[in-house]
Amino acid sequence: MLNIYNLQLGAYFTNCYIIHEADSETCCVIDPGARADKVLALLQEKGLRLEAILLTHGHFDHVGAVQDLAQKTGCRVFLCEEDLTMPPNMTAGPLFYTDDYHEGDVLNLAGLQITVLHTPGHTPGSVCLVAEDAIFSGDTLFAASCGRTDLPGGDPAAIERSLRRLRDLAGDYRVFPGHSIPTVLSREREYNRYMK
């Protein structure tokens, strides 16, 4: 069973997710945008050890606490290397990571199987991460909206393709976006005009 804890971090209230299989003592952190101390405090409260940081993309508001967490825990950091093409002002300097992941990779971490979907558009290396019945969509898909494409590295045609791909996935999923509230894929298929 997938356990999910959420922290909203930084000036942009970026959703940081801590995920693990219910019986696992290790966890993954998705998009620690700021405040490594708050993330570490929650890990200690839950009795969890950080195995890996998973980044949905490399924008500064999603990666602010990465290096601090990695240095303090020795965890791995996964990123799609296509985001290395973004200018430093979008990433708050060089992106820190230990592992590159790609379309279709299946990660076995924290007792979970996590599948990587490359969903460019918001950034060249944006990914969605699928674990059990949950999609961690970063800034690709939001409740009733989608990520902006007017920043360096954004691509409107690419995000349209990525949203159609998510729309056409079989079955339903809970969706945990990089900002704002969770949603479900069936609702976004029906009401999100960007998925039409």
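Residues numbered from 1 in each chain as written. Predicted model: local features only at pLDDT ≥ 70, side-chain atom pairs only at ≥ 80, totals over all residues. Heavy atoms only, no water.

1. Topic: the pattern of salt bridges
This model, assessed by the stated rule, comprises eight salt bridges. Linking Asp68 and Lys72 is a salt bridge whose minimum nitrogen-to-oxygen distance equals 3.3 Å. Of this pair, Asp68 and Lys72 are both found in helix 3 (residues 66–73), four residues apart, which corresponds to roughly one turn of the helix. Taking the relative accessible area as the measure of exposure, Asp68 reaches 30% and is therefore partly exposed. Given the relative accessible area of 55%, Lys72 is considered exposed. (Salt bridge = Lys/Arg side-chain N within 4 Å of Asp/Glu carboxyl O. Helix = DSSP H or I, 4+ residues; strand = E, 2+ residues; numbered from the N terminus. Buried < 20%, exposed > 50% of the residue type's maximum accessible area, 1.4 Å probe, protein only.)

2. Quick notes on the sheet that holds strand 6 (residues 99–100)
Taken together, the six strands give an open sheet; going across it, the order is 1-2-3-4-5-6, and neighbouring strands pair in mixed fashion. Here the strands that pair on one side only, and so sit at the sheet edges, are strand 1 (2–9) and strand 6. The pairing of strand 4 (residues 49–54) with strand 5 (residues 76–79) spans three bridges and is parallel. When the bridges of strand 5 are listed, Leu54 appears paired with Phe78. Contacting strand 1, strand 2 (14–21), strand 3 (26–30) and strand 4, helix 1 (residues 36–46) runs over the sheet at an angle of about 150 degrees to strand 1. (Pairing = 2+ DSSP bridges. Contact = heavy atoms within 4.5 Å. Axes fitted to C-alpha atoms, helices over the stretch in contact; angles between N-to-C directions.)

3. Digging into helix 3
The periodicity of an α-helix, 3.6 residues per turn, causes residues three or four places apart in sequence to face the same way. Turning to helix 3, its buried residues number three or more, namely Val66, Leu69 and Ala70. The arc enclosing the buried residues of helix 3, seen along the axis, measures out at 95 degrees, which places them on a common side. Exposed positions of helix 3 whose direction lies more than 90 degrees from the buried face are Gln71 and Lys72. Those residues of helix 3 that are buried are in contact with helix 1, strand 4, helix 2 (60–63) and strand 5. One or two steps after helix 3, the chain reaches Gly74, where phi turns positive at roughly 70 degrees. (Arc of directions from axis to C-beta.)

4. Details of the environment of Ala143
If you trace the backbone, Ala143 turns up in the loop between strand 11 (141–142) and strand 12 (145–146). Exposure remark for Ala143: the relative accessible area of 24% places this residue in the partly exposed category. Linking Ala143 and Val175, residues 32 residues apart in sequence, is a C-alpha distance of 8.3 Å. If sequence neighbours within four positions are ignored, Ala143 has contacts with Ile181, Thr183 and Glu188.

5. What to know about the packing of aromatic side chains
Summed over all chains, the structure comprises five aromatic pairs. An aromatic cluster is defined as three or more aromatic residues linked by ring pairs; in this entry it consists of Tyr17, Phe136 and Phe176. (Phe/Tyr/Trp six-rings, centres within 6.5 Å; stacked < 30°, edge-to-face > 60°.)

6. Some points on the side chain of Thr119
Along the polypeptide, Thr119 turns up in the loop between strand 8 (112–118) and strand 9 (127–131). Its relative accessible area of 0% is what places Thr119 among the buried residues. Of the polar contacts made by the side chain of Thr119, one reaches the side chain of Thr140; its length is 3.3 Å. Those residues in contact with Thr119 that lie beyond four places of it in its chain are Ser126, Val127, Cys128, Thr140, Ser162 and Leu166. (Polar contact = N/O pair within 3.5 Å; in protein donor to acceptor, adjacent residues only side chain to side chain.)

Such coordinate-based values are descriptive only and should not be taken to indicate function.
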